[in-house]
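Structural characterization, general
Spelled out from the first residue to the last, the chains are:
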Amino acid sequence: MFTPATVPIYYSFFAWGFGTGAQQLARPLFAYALTGNEFLVALMISMNAIPRIVTGPLTGYLADRIGRKPLAILGPGLRGLSNLGQFFATDFPTFFALEFMGQVGVSMWGTTSNVLVADITTTSERGRVQALRQMSTRMGLVAGPALGGVLAVAFGFPSLFLLNAVTKLFIVVIVWLKVEETRPAPMDMEKARPAVHQPTLAANPYATRSFVAVAVAVAFTSLASAAILLTLLPVYAKEVVGVSASAVGLLISIAAALSFIVAYPNGMLADRFGRKASIVPALLFLSLASFVLSASGAYGLLVLAVAVHGIGEGMAMGSNQAYAMDQAPEAGRGRFLGVVQMVQALGAFVGPLAVGAIYQGISPAVAFTMLAASLAIAAAVVGVSGREPAGRRPGSRAP
């Protein structure tokens, strides 16, 4: 799990998490400072998913055609340029447009990095490798908001966009110098066939109950994360509960820290007992966190909700991606994972827009309660849908 192929990826994901953690703190609060409207903040986060919806499948197709490495360089580079522009932005339309452009780079990186990890891992170890990758990201997500809160107080929110740009440049350098191309040779892809234990994936990997389970899991995890941590929690904590910007950064760091702590034990669980043994409880934890937020008006309950959310997200994110990689056929792996990225982006689009509209139009309590109910339903759907390729055959390889 610590090899010359994986270690540069872990470094890259730490840097990605560090800059993104700072961005997660600054983005909604800076947008709110420019507009004074919670719904416009939620609208921006939702609209950011549109380029990811389009770019995910396209990136997957290109990753199969021209290789993984060029796209793994282009994605962080594009995101870094958009962050540099945001550092100088002084109005909401400019900030919105740059954020929209940057999400193309986010999608490129998200899709291509998933394909890279799938290329270099097997089913028997994928849960733990995903956990280490996730832990690398979470280490950054813990440090990023903590430092970001201090920088925001000292220099203002735009300084966090500059910090994110620097981290993306670091990723470009690491991938350029240290990451090898993992795209199978054309002859290998022609010879690729689904493994014996995956006969249903031979004709159409999208027309299966397993794909339904993957789609529901990634969409609703993304929906919850985008609606709560990336959109409403910072505004809710600051405007309703009355905490400072640095305290909001601490809340996000708490969620990231707990996600980090549960990641590797969860990866072991997913490899030993299967992905759904992790995904279903994770969705229930996310549901519980939303329910606590619906009753929260005090800082203590806010901390509890953030902690439960961090545990659920830490369990779901690695297992969701490992489950998707398990289903992906070797010939066309990029295209399959690109579609999964599109579904994930759809969740990120619907979540902030729907929950934000209810938050603004009715009340925060109703918004968080409805989100809790939808996540509980998603857990039930994943529990009864799909097959389990991991856990039962610890020696099996990825398709």
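Residues numbered from 1 in each chain as written. Predicted model: local features only at pLDDT ≥ 70, side-chain atom pairs only at ≥ 80, totals over all residues. Heavy atoms only, no water.

**Some words on the overall build of the protein**
Quick reminder of the rule: Here a strand is any run of E in DSSP of at least two residues, a helix any run of H or I of at least four, and the numbering for each starts at the N terminus. To get the radius of gyration, use the C-alpha atoms; to get the globule rule, take the number of residues to the power 0.38 and multiply by 2.2 Å. Think of it in three bands: residues with accessible area under 20% of the maximum for their type are buried, residues over 50% are exposed, and the middle band is partly exposed, with areas taken using a 1.4 Å probe on protein chains only. What makes two residues a contact is simply this: any of their non-hydrogen atoms within 4.5 Å. Areas reported here follow the Shrake-Rupley algorithm with a probe of radius 1.4 Å; residue values treat only the protein chains shown as occluding. Charge counting follows a simple rule: Lys and Arg are positive, Asp and Glu are negative, and His as well as the terminal groups are ignored. All charge positions are set by atom: Lys at NZ, Arg at CZ, Asp at CG, Glu at CD.
The secondary structure content of the protein amounts to 13 helices and 0 strands. Of the regular secondary structure in the protein, the N- to C-terminal order runs α-α-α-α-α-α-α-α-α-α-α-α-α. The C-alpha radius of gyration of the protein comes to 20 Å, within 12% of the 21 Å expected for a compact globule of 399 residues. When its C-alpha atoms are laid out on the principal axes, the protein stretches across 60 × 45 × 30 Å. The 399 residues of the protein split such that 60% are buried. Summarising the internal contacts of the protein: among those between residues at least 6 apart in sequence, 86% fall at separations of at least 24. Only carbon and sulfur atoms are counted for the fraction: they give 72% of the accessible area of the protein, which is about 14600 Å². Looking at the protein, you have 26 positive and 16 negative side-chain charges, and the mean spots of the two groups are 5 Å apart.

**Structural notes on the pattern of salt bridges**
Stated precisely, the cut-off is as follows: Just to be clear on terms, a salt bridge is a Lys or Arg side-chain nitrogen sitting within 4 Å of an Asp or Glu carboxyl oxygen.
Counted according to the given criterion, the structure contains 10 salt bridges. Between D64 and R68 there is a salt bridge, with its nearest N and O atoms 3.1 Å apart. Its relative accessible area of 3% is what places D64 among the buried residues. We classify R68 as buried; its relative accessible area is 1%. One salt-bridge network, in which partners are shared between bridges, spans D64, R68, D119, R333 and R335.

**Re the packing of helix α4 (residues 92-120) against helix α5 (residues 126-155)**
Worth spelling out the cut-off: Axis lines are fitted through C-alpha atoms, for helices just across the contact stretch, and the angle between N-to-C directions can take any value from 0 to 180 degrees. Note that the term roughly parallel is reserved for angles under 35 degrees, roughly antiparallel for angles over 145, roughly perpendicular for angles of 65 to 115, and oblique for everything else. Two helices crossing with the near one rotated counterclockwise from the far one by less than a right angle form a left-handed crossing, whereas a clockwise rotation gives a right-handed crossing. Gly is placed with the polar residues, together with every amino acid not listed as nonpolar (Ala, Val, Leu, Ile, Met, Phe, Trp, Tyr, Cys and Pro) or charged (Asp, Glu, Lys and Arg).
Two elements in contact, α4 and α5, have axes separated by 11 Å at closest approach and are oriented at 140 degrees. Compared by their axis directions, α4 and α5 come out oblique. As α4 packs across α5, the resulting crossing turns out to be right-handed. Along the contact surface, α4 presents S113, N114, V117 and A118, while α5 presents R126, V129, Q130 and R133. Here the contact of α4 with α5 is built from residues that sort into 3 nonpolar, 3 polar and 2 charged.

**Regarding the side chain of Q103**
Where we set the bar: Under this definition, polar contacts are N or O atom pairs within 3.5 Å; protein pairs additionally need one hydrogen-donor-capable and one acceptor-capable atom, and for neighbouring residues in sequence, both atoms have to be side-chain atoms.
Here Q103 shows up in helix α4. A residue is classified by how much of its surface remains accessible, and Q103, at 3% relative accessible area, is buried. A polar contact of 3.0 Å, which involves the side chain of Q103, links it to the side chain of R52. Setting aside residues no more than four positions away along its own chain, Q103 makes contact with R27, N48, P51, R52 and R79.

**Side note on empty space enclosed by the protein**
Put simply, the rule reads: In this analysis, the protein atoms alone were mapped onto a 1 Å grid. Cavities are point sets where a 1.4 Å probe fits without being able to get out; pockets are open sets with protein on both sides within 12 Å along at least five of seven lines; lining residues have an atom within 4 Å of a point. Grid points are joined across faces, edges and corners, and a volume is the space filled by probe spheres set on the points.
Counted by the stated rule, this structure contains 3 cavities of 30 Å³ or more. Reported here for the largest cavity is a volume of approximately 980 Å³. Lining the largest cavity are 42 residues, and of these W16, Q24, V106, M317 and Q344 sit closest to its centre. With 7 residues, the single largest contributor to the lining of the largest cavity is helix α8 (residues 209-241). Of the residues contributing to the lining of the largest cavity, the split by class is 15 nonpolar, 20 polar and 7 charged. If you add up the space inside the second largest cavity, you get close to 40 Å³. Lining the second largest cavity are I9, S12, F13, A72, W109, S113, L116, V175 and V179. Residue assignment for the lining of the second largest cavity shows that the elements contributing at least two residues are α1 (7-35) and α4. Of the residues belonging to the lining of the second largest cavity, the class tally is 7 nonpolar, 2 polar and no charged.

**Thoughts on the environment of K178**
Counting through the fold element by element, K178 comes out in helix α6 (residues 158-178). The exposure class assigned to K178 is exposed, which follows from its relative accessible area of 53%. In this structure, the C-alpha to C-alpha distance between K178 and T6, residues 172 residues apart in sequence, is 9.9 Å.

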